[in-house]
Amino acid sequence: MIAMAWARHLPGGLLAWCLGVALQLQQAALWPMAAYVGVLLGTVAGAWLLRRGCRWRRAGGGIPVWAWAGVWAAAAFGITGLHAWSRAPTIAPALEGQDLEVVGVVQAMPQRQDVGWRFRFRIEQAWRWDAQGATQAVRLGTDLPSQVYLGWYGQGGGHDSGWNTSALPEPVKAGERWRWRVRLKAPHGHVNPRGFDYELWLWEQGIGAIGYVRTGRTDPPPLRLASTWAHPIESGRQAVRERLLAQLSPAGSGVDDAKRAGIVAALVMGDQAAIDRSDWDVFRATGVSHLMSISGLHVTLFAWLATGGVAWVWRRSALWGFQGALRWPAPQVGAVSGLVMAGLYALFSGWGVPAQRTWLMLGVVVVLRLWARHWHGALVWLAACAVVLTWDPWALLQPGFWLSFVAVGVLMATGSTSRGGRAALTAPAYSERRSRTDLVLFGWRHRWGACWRPIWGPFLGRHAKALLREQAVVTLALAPLTLLFFGQVSVVGLLANLMAIPWVTLVVTPLSLLGVLWPEAWHWASWALQPMAAVLAWLATWPWASVSMAMPPGYLSVLALMGAGVWVMPWPSAWKWLVLPLLWPVVFWTHPRPAPGTFELVAADVGQGNAVLVRTATHSLLYDAGPRYSAESDAGHRVLVPLLAQMGERIDTLVLSHRDSDHTGGAAAVLAMQAQAALWSSLEESHPLHALRPGWTRCLAGQVWEWDGVRFEVLHPQPPQDNRSKIPKPNEVSCVLRIAGQDLGRTGGLQGAALLAGDIEAAQELALVQAGLSPVDVLLVPHHGSKTSSSPPFLQALSPRWGLLQAGYRNRYGHPAPEVVARYQTLGIGLVDSTRCGAATWRSHLPGQVQCERTLRQRYWHHRMPP
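Cut-offs and rules
- Residues take numbers from 1 onward in each chain, read along the sequence in its written order.
- Two thresholds apply to this predicted model, a pLDDT of at least 70 for residue-level local features and 80 or more for giving and counting side-chain atom pairs, whereas whole-chain, interface and lining totals are computed over all residues.
- Excluded from the side-chain calculations are hydrogens and water; all other atoms, namely the structure's heavy atoms, are used.
- For this document, the term salt bridge refers to a Lys or Arg side-chain nitrogen within 4 Å of an Asp or Glu carboxyl oxygen.
- Count a disulfide wherever a pair of cysteine sulfur atoms falls within 2.5 Å.
- Comment: elements are numbered from the N terminus, with helices defined as DSSP H or I runs of at least four residues and strands as E runs of at least two.
- With a 1.4 Å probe rolled over the protein chains alone, any residue whose accessible area is under 20% of its type maximum counts as buried; one over 50% counts as exposed, and the rest are partly exposed.
- Any two residues whose heavy atoms approach within 4.5 Å are treated as being in contact.
- Aromatic pairs are defined between Phe, Tyr and Trp rings, using the six-membered ring for Trp, whenever the two ring centres lie within 6.5 Å; interplanar angles under 30 degrees are classed as stacked, those over 60 as edge-to-face, and all others as tilted.
- The criterion is that NZ of a Lys, or CZ of an Arg, lies within 6 Å of the ring centre and within 35 degrees of the ring normal, and then a charge sits over that ring.
- Two strands pair if DSSP finds at least two bridges between them.
- An axis is simply a line fitted to the C-alpha atoms; with a helix, the fit covers only the stretch in contact. Between two such axes, the angle follows the N-to-C directions and lies from 0 to 180 degrees.
- Should an angle fall under 35 degrees it is called roughly parallel, over 145 degrees roughly antiparallel, and 65 to 115 degrees roughly perpendicular, with every other angle called oblique.
- Throughout, a crossing is termed right-handed when the near helix is turned clockwise from the far one, and left-handed when it is turned anticlockwise from it by less than a right angle.
- Think of it as three bins: nonpolar holds Ala, Val, Leu, Ile, Met, Phe, Trp, Tyr, Cys and Pro, charged holds Asp, Glu, Lys and Arg, and polar takes everything else, Gly as well.
- Buried Ala, Val, Leu, Ile, Met, Phe, Trp, Tyr and Cys residues that are joined via side-chain atoms within 4.5 Å together make up what is termed a nonpolar core.

Engineer: Break down the pattern of salt bridges for me, citing the residues and quoting the values.
Structural biologist: If the charged atoms of two oppositely charged side chains come close together, the side chains can form a pair. Taken as a whole, this structure holds 25 salt bridges when the rule is applied. One continuous salt-bridge network, built from bridges that share partners, spans Asp99, Glu101, Arg179, Arg181, Arg183, Arg214 and Asp219.

Engineer: Just give me the short version of the state of the cysteines, but keep the residues and values in it.
Structural biologist: Every disulfide links exactly two cysteines, by a covalent bond between their sulfur atoms. According to the stated counting rule, one finds 2 disulfides in the structure shown. Through a disulfide, cysteine 699 is tied to cysteine 735; the S-S separation comes to 1.7 Å. Across the disulfide from cysteine 699 to cysteine 735, rotation about the S-S bond amounts to roughly -45 degrees, and the bridge is consequently left-handed. Pair noted here: cysteine 699 is in the loop between β18 (697-698) and β19 (704-707) and cysteine 735 is in the loop between β20 (710-716) and β21 (736-741), with a separation of 36 residues, a long-range link. Taken individually, cysteine 699 and cysteine 735 each receive the classification buried, so the pair is uniform in this respect. Across the disulfide, cysteine 837 is cross-linked to cysteine 852 (sulfur-sulfur distance 2.1 Å). Here the S-S torsion is close to -105 degrees, and the disulfide linking cysteine 837 with cysteine 852 is therefore left-handed. Residue cysteine 837 is found in helix α30 (residues 834-837), and its partner cysteine 852 is found in strand β27 (residues 850-852); the two are separated by 15 residues along the sequence. Comparing cysteine 837 with cysteine 852 shows no difference in burial state: the two are buried.

Engineer: Give a detailed account of the side chain of serine 526, specifying residues and quantitative values.
Structural biologist: Note that serine 526 resides in helix α20 (residues 520-540). Sequence-distant contacts of serine 526, that is, excluding residues within four places in its chain, are made with Leu248, Arg260 and Val264.

Engineer: An account of the side chain of serine 791 is requested, with residue identities and associated values reported.
Structural biologist: Locating serine 791 in the fold gives a position in the loop between β23 (778-780) and α28 (792-798). When residues no more than four places from it in sequence are discounted, the contact partners of serine 791 are Ala762, Glu765 and Arg823.

Engineer: Describe the packing of aromatic side chains, with residues and values.
Structural biologist: What describes a pair of aromatic rings is the distance from one ring centre to the other and the angle between the planes of the rings. Applying the stated criterion across every chain, the model contains 32 aromatic pairs. Where phenylalanine 401 meets tryptophan 402, the ring centres are 5.7 Å apart and the plane angle is 85 degrees; that geometry is what we call edge-to-face. For phenylalanine 401, a relative accessible area of 4% corresponds to the buried category. When its relative accessible area of 35% is taken as the criterion, tryptophan 402 is described as partly exposed. Aromatic ring contacts, followed pair by pair, group Phe119, Phe121, Trp152, Trp178 and Trp180 into a single cluster. It is arginine 327 that lies over the ring of tryptophan 328; its NZ or CZ is 5.7 Å from the centre. Stacked on the ring of tyrosine 629, the Lys or Arg arginine 638 has its end atom at 4.4 Å from the ring centre.

Engineer: Describe the sheet that holds strand β22 (residues 751-756), with residues and values.
Structural biologist: If you walk across this open sheet you meet the 7 strands as β19-β20-β21-β22-β23-β24-β25, and the pairing is mixed. One side of each edge strand has no neighbouring strand; the edge strands of this open sheet are β19 and β25 (830-833). Going across the sheet, the axis of each strand differs from the next one's by a mean of 20 degrees, ignoring polarity. Two elements, β23 and strand β24 (residues 802-805), share 3 bridges in a ladder whose sense is parallel. What sits directly across from leucine 779, in β24, is glycine 803.

Engineer: Can you break down the packing of helix α12 (residues 353-370) against helix α13 (residues 377-391) residue by residue, with the values?
Structural biologist: As a packed pair, α12 and α13 sit with axes 9 Å apart at the nearest point and diverge in direction by 130 degrees. By the angle between their directions, the pair α12 and α13 is classed as oblique. Of the two elements, α12 crosses α13, and the hand of that crossing is right-handed. From α12, Gln356, Arg357, Leu360, Met361, Val364, Val365 and Leu368 reach across to α13, where they touch Val380, Ala383, Ala384, Val387, Val388 and Trp391. Considering only residue class, the contact of α12 with α13 consists of 11 nonpolar, 1 polar and 1 charged.

Engineer: Can you explain unusual backbone geometry? Please cite residues and give values.
Structural biologist: With an omega dihedral of 10 degrees, the bond running from histidine 716 to proline 717 counts as a cis peptide bond. Along the chain, proline 717 turns up in the loop between β20 and β21. Following histidine 815, the chain continues into proline 816 via a peptide bond in cis, with omega recorded as -5 degrees. The phi dihedral of serine 799 falls on the positive side, at around 40 degrees, and the residue is not glycine. Within the secondary structure, serine 799 sits in the loop between α28 and β24. Serine 799 gets classed as partly exposed once you look at its relative accessible area, which sits at 41%. The phi angle at arginine 810 is positive, at roughly 50 degrees, despite the residue not being glycine.

Engineer: Quick one: what's the story with the packing of helix α9 (residues 296-317) against helix α19 (residues 493-514), residue by residue and with numbers?
Structural biologist: For the pair α9 and α19, interaxial distance at closest approach is 11 Å and the crossing angle is 75 degrees. The angle between the axes of α9 and α19 places the two elements in the roughly perpendicular class. Where α9 abuts α19, its residues Leu297, His298, Leu301 and Phe302 lie against Val504, Thr505, Thr509 and Leu513. Split into classes, the residues belonging to the contact of α9 with α19 amount to 5 nonpolar, 3 polar and no charged.

Engineer: Could you give an account of the environment of threonine 90, with specific residues and numbers?
Structural biologist: Considering the arrangement of structural elements, one finds threonine 90 in the loop between α4 (65-85) and β1 (99-106). Overall, the relative accessible area of 44% leaves threonine 90 in the partly exposed class. Placed 116 residues apart in sequence, threonine 90 and glycine 206 show a C-alpha to C-alpha distance of 9.6 Å. If near-sequence neighbours (up to four positions away) are discounted, threonine 90 is found in contact with Thr142, Asp143, Pro145, Pro187 and Gly208.

Engineer: I'd love a proper account of the nonpolar core, names of residues and values included.
Structural biologist: Core analysis: the biggest nonpolar cluster contains 40 residues, and Leu14 and Trp394 have the highest contact counts within it. Only α1 (2-24), α4, α5 (198-205), α12, α13 and α14 (399-420) provide two or more residues apiece to this core. Discounting residues that sit within four places of it in the chain, tryptophan 394 has contacts with Leu25, His83, Ala84, Arg87, Leu200, Trp203, Glu204, Tyr860 and Trp861.

Engineer: Before we move on, could you go through the sheet that holds strand β16 (residues 653-656) and cite the residues and values that matter?
Structural biologist: Spatially, the 8 strands line up as an open sheet ordered β18-β17-β16-β13-β12-β11-β26-β27, and their pairing is mixed. Strands at the two margins of the open sheet, each flanked by one partner only, are β18 and β27. With 4 bridges connecting them, β16 and strand β17 (residues 678-681) associate as parallel partners. Bridge assignment links leucine 656 to a residue of β17, and that residue is serine 681.

Okay, here's the thing in structure tokens:
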């Protein structure tokens, strides 16, 4: 009776567990730890009452399913809350920006940057200096987290004194103990609509502070104290990476050799940063990016091979006189051995979230097999979800979690119905033949069987049809989720995956792993990549190889996912035509646009730089393109290109106010993505960006145009004078753009105005005031709040409601200056700081409101700045 009740409530309980985790992740702030403990105690009491029997059971009706589901959901909520409390604390605000002396161990394999290294570091001891210059010990775990993320750049300290590529730091190795002077700050990332949540990523890693090693003239040189065995796996990974790169990409080798070496490194060690950005673009366009790192696919293959190999040896060991082979069944020994070896492989690959998730899923199947339980495939699928979310609740917010579990679920559903009919999906128990469904869950039958059949089985025939069908099913079923998460669907993905999955899985990856023991195999893996890379590059050049669309809302994607699921199921055709309308809104959804005569400003969160998107009813303009973060990264690739893609924007004009890199850093990426965009700038004739748009236009005062009833006017700079004795500074020629909407019946003339001021300084502000300035509702704060700008006459002439301030968190320039902030506050101007607001959205028909993305998306792992 108890077993039957357990079986009856288990599916609902597992689903409720997942929902409880999802509910806790919506909290904007963590409750006190005692509150979560109280929730768990309440669930224990509730479970005891339900178990002992309460009024529903005494009445003869049985215990409702919702009662048990509530207990499961509450337990998941409480455990996830306690899990969140166990995360590393963040650095105390008083220690941010202070010089600290620390001793600790490099935790993980460092990542090579263009001018240095980035690595995780566990602090063992830390000291600070008081006002008298005496050292004081810093309390770890309270004022300072023990785990931080550091950068070590060339001479000069990087962030404080600019980049100096002439003196790169010496190599850092995992497991080494170092002593150095560092400057730390709280984990703080950019928060943009549908953008990458950097703070969540740091939270998952348990990192409580980020910073860099100080290497200025007055700072003591970094000191390597010892090499330890604290992190042997990471040390081994780094040694293998160095051997691999030396083998495939020695000094003087070509760019193509370095690119292929990076792909092989990603397949062996999970070092995705080694893959060139241009290769990532090709992989995303062709839909094969999931293959180019240590994914669940590779961990499952490794487990499958290890299970089969150990089981084969175990069976034959009885013939060699080993009695243990007669006591423990070979399938169980093989399953446990495969799980252990897959875990070791996942650790060697960096123990990334996809590898952890796959190993836990495999563990669920192995435990069920050892337990001799034949659960239905859907129940195994739910159990795997619950176990993964218990281990890593924040995986629920990652696209990989949804893509992998939905793909597995679709393969199970379509494969099961094709073999056993619809009744097999609802059968309470397995037959021995049906027990293989747990292998289907992780692709041991579907994915790997499909990969091996074309090689070892008959060519073409039903095996090839099965492979084609399974890949088509996954492609169609995941299309809505791909649109939701990435705003892009690869049209050639089906063809590319049919070629790439067996080639990468059965040829390139095994050769890459074999190279750990026999380095010559790495050359074979590199050669095997050449034809595949050529085919993928060719497919990526096809017209409509990938289609970018505006990212639909979540509810539309859920409906489309349901519709796609019905289409891939072997159900009557009439049902499929009935659900076709569910797909229509996702395919043709567009981001809402302003009404004619009004406009919208989106001030992107790009750090220390400017980037403002201006949208009218049918046109878009981008004012500045954000900063360049390093030689390998800029605001264009990291923020603006994804932002424009998820909104489905095709910008008409890109305005670059002046030449400083914090305004032009992402321009090349934006222009490459937006081929139709015209370029306006005040840059010199010979600037490299002008080569991307030979027909560029110089912005000059007096230029006026109108889009959809919205007036655009350039107020500065003035036309150059022929007798000018000196070349003006870049800030002096910043393009100043005034935007004004139509009258909405509240005031006479134009209203709903904004002024985008670039980096003009007090002299240019005075000239604009003397020329005549009309009041505006919104001002893009000049020069990021520098004390050389935002002069009182300028602010008084404009009298804006809001000042949009775009500056980096704890930037090295000290923007915004305290006296400038006080000036805005004195004049009653609301200052919207990107470090506190994230991306800010203002609409001309609602001039008194500013929408802050950080407020809308606030979760407990996000950094909270003091008032």
